Amino acid sequence: MAMSPGQTTKKSVGLVEQIDYSEDVDIKLSDKALDAAARGQATSGYETLTPWETAKTFNVASLICFVVAFSAATDGYQIGINASIIANKGFVARFATEVDHKGSPYLASPILSGWSSIMSIGQIIGMTSLSFVSSRYGRKVAMYTYWLLLVGSVIAESFARSWQVWLVAKLLAGMGVGGVQSTVPTYISEVAPIRIRGALLMCYSFWWTTGSFFAQVALRTLAKKNPKDYLVPIYTQWGQLGVMFLIYVVLPESPAWCVTRGKIERAKKNLLKLNRGVKDYNLKQQIEVLVLAAEHEQAVAVEQRREHWYAIFQGTDGLRTVVSLWTNLTQQFIGLTLFGTFGTYFFQQAGLSDPFTIKTITSSIQIGTVLVVVLLVDRVGRRFLACGGTTLSWLSCIAIGIIGVAPQVKASVYIFILFACLWNVGLATNGATGWGYIGEISSQRLRPYTAGFGAASTCIVGVVMNVLVPYMVNANKWNWGLKTGWFYAGVGFPFTLGMWFLIPDTTGRSAAELDELFERKIKPWRFHKTETATQQLVNSEKVEGN
């Protein structure tokens, strides 16, 4: 018979040295149970549920994860607005500082670069600073903090009448969006049922692409009906912020964070909220699973003298930081800024007659792709989707580069649109899995710091790309046009190749199991084939049950 987590307490100096048994133990502990406990693991009793059974059993926790991911819609809407509003005639007329040879006003490349770069800088500030707030005061306090920053950004956008004020708005928006990007995946990773954690983490990307899509719809509609009105899409953000606030008010705090901070009673209270209605829910057992994992991580940290936040740069935790950021970082080297931040502008400069329509189409393709990823991720696995999607986007960059240097014919535009769509399929798959890795790869005690730094590293590269891309595609500057695809094919190759050697499959693994796999230095491509102490324990329970 296997050990129940509620029947043991751990005392350790350095690494786990012994297990003391409580007086109420009335079963014989197996060697596998002891081995699992020594690695900070124990069975929760739900390891054998299918994804659908898990969703039905933990319907409240699943719904909470889906709803909190709605915050990403504001993230996507902000990024979408930033990418497309610069092609709006009214916006150009309001903020343009130069005119071309025909006397038409246009946005100067340095100003475009400044707006997009300052937003990336804001994201870096938000991601890194809020990780300390999240760690010390909790995930909900971090959420309220970035919500206030987003409120400030929308106020600034609403009243901006000069490019300098818009610059301030983008800084605040970046800080708020950065907080969303580092906090929400962390929260979902800690709260989601393990068997469907992948699908619920992918909901972040679903809401992000949905928000981005509606930004394109709003701007396209205005381009048709009132091409000089750019304020309506800005005002619509107030509705999103209102919904976000209501969600955060009723949201339970992360029980895993509570345990890490020693707030056991608060953790119990929030576990009961999250698992309301779960039949025969054993609160004592579930809290002990969290405590056992947290104490094991702390014991390992003490042994290795890596107890502080900067352990994210050291040893195994340093590797986990690289793995967590690699997928999202690769986006920047396969064209994220070109097709995302400056997507509509790129299509416009490439000579397409209706860039808003093309951007709307590619955004809708991203939504469809993410929905497929949500359904497949816990069955097919993260690794295959992440690596395959990244490779598809990289190959699309090569194809677009070829179109750029080949003789132009009538079909060239349609072929370009085809590969732009394929690029979006790959990017949506990469992004969905990438935000999952940001949230789940780290150890529990370092999760907010790893997520914050991992997300910020993408923005650091984004700052550089946001400066370069306007010059690459601007017909009045470098005018590379579709040949820009060759640039991303070149810089993206080592990062695309690195995906296949760095990215593991974390499907169905608990935080404690991931600790074990990284501590054992299992190769990324062998993660899904390697049996952990928890799996051995579950298998032994099945044998004993028969």
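Structure: above.
To start, this report covers the structure provided alongside it.

**Thoughts on the overall build of the chain**
The secondary structure content of the chain amounts to 24 helices and 4 strands. The 546 residues of the chain split such that 60% are buried. Taking contacts inside the chain between residues at least 6 apart in sequence as the whole, the part at least 24 apart equals 78%. In the form shown here, the chain has an accessible surface area of approximately 21700 Å², with 63% of it arising from carbon and sulfur atoms.

**Some words on the layout of surface pockets**
Reported here for the largest pocket is a volume of approximately 1100 Å³. Taken together, 50 residues make up the lining of the largest pocket; nearest its centre are S44, P193, I194, V289 and S510. Those elements that place two or more of their residues in the lining of the largest pocket are α8 (163-191), α12 (255-260), α13 (264-274), α14 (283-303), α23 (511-519) and α24 (533-545). Classifying every residue of the lining of the largest pocket gives 23 nonpolar, 17 polar and 10 charged.

**Digging into a nonpolar patch on the surface**
The grouping of V372, L375, L376, V380 and F384 at the surface amounts to a nonpolar patch, some 470 Å² of accessible area in total. The element that contributes the greatest number of residues to the nonpolar patch is helix α18 (residues 355-380), accounting for 4 residues. With respect to the helices and strands, L375 occurs in helix α18.

**Section: empty space enclosed by the protein**
Applying the stated rule across the entire model yields 4 cavities of 30 Å³ or more. Approximately 450 Å³ is the volume found for the largest cavity. As for the largest cavity, its lining consists of 31 residues, of which I79, Q181, W208, Q331 and L336 are closest to the centre. At the level of secondary structure, the elements contributing two or more residues to the lining of the largest cavity comprise α4 (71-84), α6 (109-137), α9 (197-225), α15 (315-333), α16 (336-341), α18, α20 (410-440) and α21 (447-473).

**Quick word on the pattern of salt bridges**
Following the criterion strictly, the structure yields 12 salt bridges and no others. We note a salt bridge from E253 to R266, for which the minimum N-O separation is 4.0 Å. Placement of E253 in the loop between α11 (237-250) and α12 and of R266 in helix α13 is noted, with a sequence separation of 13 residues between them. In this structure, E265 engages K268 in a salt bridge whose closest nitrogen and oxygen atoms are separated by 3.5 Å. Taken together, the residues span about one helical turn, with E265 and K268 both in helix α13 at a distance of 3 residues. Taking the relative accessible area as the measure of exposure, E265 reaches 57% and is therefore exposed. Given the relative accessible area of 27%, K268 is considered partly exposed. One continuous salt-bridge network, built from bridges that share partners, spans R197, D378, R382 and E440.

**Examining the environment of L271**
By the secondary structure assignment, L271 is in helix α13. The exposure class of L271 is buried, given its relative accessible area of 8%. When the C-alpha atoms of L271 and V191 are compared, they prove to be 8.9 Å apart, with 80 residues separating the residues in sequence.

**Quick look at the packing of α15 against α23**
Orientation of α15 relative to α23, taken along the N-to-C sense of each, is 110°, at an axis distance of 10 Å. When the interaxial angle is binned, α15 and α23 end up roughly perpendicular. As for how α15 packs across α23, the hand of that crossing is right-handed. Here T316, L319, R320 and V323 of α15 lie close against α23, whose contacting residues are L514, D515, F518 and E519. For the contact of α15 with α23, the per-class residue count stands at 4 nonpolar, 1 polar and 3 charged.

**What about α21?**
Here α21 is 27 residues long and its end C-alpha atoms lie 38 Å apart, about the 39 Å a rise of 1.5 Å per residue gives. The principal kink in α21, of about 30°, is found at M465. Burial analysis of α21 places 21 of its 27 residues in the buried class, the great majority of the element.

**Re the environment of S393**
For S393, the location among the structural elements is in helix α19 (residues 382-405). Beyond its immediate stretch of four places on either side in the chain, S393 contacts I334, W423, G426 and L427.

**Quick word on the nonpolar core**
The biggest cluster of nonpolar side chains holds 73 residues, and the ones touching the most others in it are Y146, I188, M244, Y248 and L251. If you tally residues by element for this core, the top one is α9, at 9 residues. Excluding residues within four positions of it along the chain, Y146 makes contact with S71, L130, G176, G179, V180, T183, V184, M244 and Y248. One finds I403, F416, A420 and F527 within the second-largest nonpolar core, a separate group that totals 34 residues.

**Structural notes on the packing of helix α3 (residues 59-68) against α8**
Here α3 crosses α8 at 175°, and the two axes come no closer than 10 Å. Overall, the two elements α3 and α8 adopt an arrangement that is roughly antiparallel. For the pair formed by α3 and α8, the contact residues are A61, I64, C65 and V68 on the first element and V184, Y187, I188 and V191 on the second. Class assignment of the residues belonging to the contact of α3 with α8 gives a composition of 8 nonpolar, no polar and no charged.

**Digging into the environment of V60**
Inspection of the secondary structure assignment puts V60 in helix α3. C-alpha of V60 to C-alpha of V278: the two residues are 218 residues apart in sequence and 8.8 Å apart in space. Residues contacting V60, with those up to four places away along its chain left out, are K273, L274 and R276.

Rules used in this analysis
Residues numbered from 1 in each chain as written. Predicted model: local features only at pLDDT ≥ 70, side-chain atom pairs only at ≥ 80, totals over all residues. Heavy atoms only, no water. Helix = DSSP H or I, 4+ residues; strand = E, 2+ residues; numbered from the N terminus. Buried < 20%, exposed > 50% of the residue type's maximum accessible area, 1.4 Å probe, protein only. Contact = heavy atoms within 4.5 Å. Areas by Shrake-Rupley, 256 points an atom, 1.4 Å probe, with all protein chains shown as cover. 1 Å grid on protein atoms, 1.4 Å probe; cavity = no way out; pocket = protein on both sides within 12 Å on 5 of 7 lines; lining within 4 Å. Points joined across faces, edges and corners; volume = space filled by probe spheres on them. Nonpolar A, V, L, I, M, F, W, Y, C, P; charged D, E, K, R; others polar. Patch = residues over 30% accessible without salt bridge, like charges linked within 9 Å, V, L, I, M, F, W, Y side chains within 5 Å. Salt bridge = Lys/Arg side-chain N within 4 Å of Asp/Glu carboxyl O. Axes fitted to C-alpha atoms, helices over the stretch in contact; angles between N-to-C directions. Parallel < 35°, antiparallel > 145°, perpendicular 65-115°, else oblique. Left-handed = near helix turned anticlockwise from the far one by under 90°. Expected span 1.5 Å × (residues − 1). Bend = angle between axes of the 7 residues up to and from the residue. Core = buried A, V, L, I, M, F, W, Y, C linked by side-chain atoms within 4.5 Å.

Functional significance is not addressed by these values, which are geometric in nature.
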